[in-house]
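# Per-entry structural report
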Amino acid sequence: MTPAALPTHRPRCVGHNGEPMNDKPDMNDLMRQAQEAAERARKYARMGRNEVALASADHFEQGAATAYRNRNLEQLQMNLEAARELERALKAKLGVN
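Computed from a predicted model, the values in this text were never measured in an experiment. (Residues numbered from 1 in each chain as written. Predicted model: local features only at pLDDT ≥ 70, side-chain atom pairs only at ≥ 80, totals over all residues. Heavy atoms only, no water.)

## Things to note about the overall build of the protein
- Broken down by element type, the protein carries three helices and zero strands.
- A buried classification covers 27% of the 97 residues belonging to the protein.
- Here the analysis covers contacts within the protein between residues at least 6 apart in sequence; of these, 61% occur between residues at least 24 apart.
- Surface exposure of the protein reaches about 7,200 Å², of which carbon and sulfur atoms provide 52%. (Helix = DSSP H or I, 4+ residues; strand = E, 2+ residues; numbered from the N terminus. Buried < 20%, exposed > 50% of the residue type's maximum accessible area, 1.4 Å probe, protein only. Contact = heavy atoms within 4.5 Å. Areas by Shrake-Rupley, 256 points an atom, 1.4 Å probe, with all protein chains shown as cover.)

## Quick notes on unusual backbone geometry
- The backbone of R49 shows a phi angle near 50 degrees, a positive value even though the residue is not glycine.
- Summarising the element assignment, R49 is placed in the loop between α1 (27–47) and α2 (51–69).
- Judged by its relative accessible area of 76%, R49 falls in the exposed class.
- Backbone geometry places R71, a non-glycine residue, at a positive phi of 55 degrees.

And the structure:
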């Protein structure tokens, strides 16, 4: 085949629901979730005047950003979960639903 005859893109495999058939999580989506969880955690930390939690939320978001840049999926997932857990703990402490 000549280069002109080669397809210019790979066909996307999709499942029955139209979603891509890829078992790997989307790193862009995980990074967005980490940013959102950290922002909510910072909000609750400010409400409770908790400077340590505020710094922790920043730390988890920065860790997620570093993992994202390095394409380290495992580290990104760990920072996302840490930010979510911090958010849950702060919500519980403040009694927020």
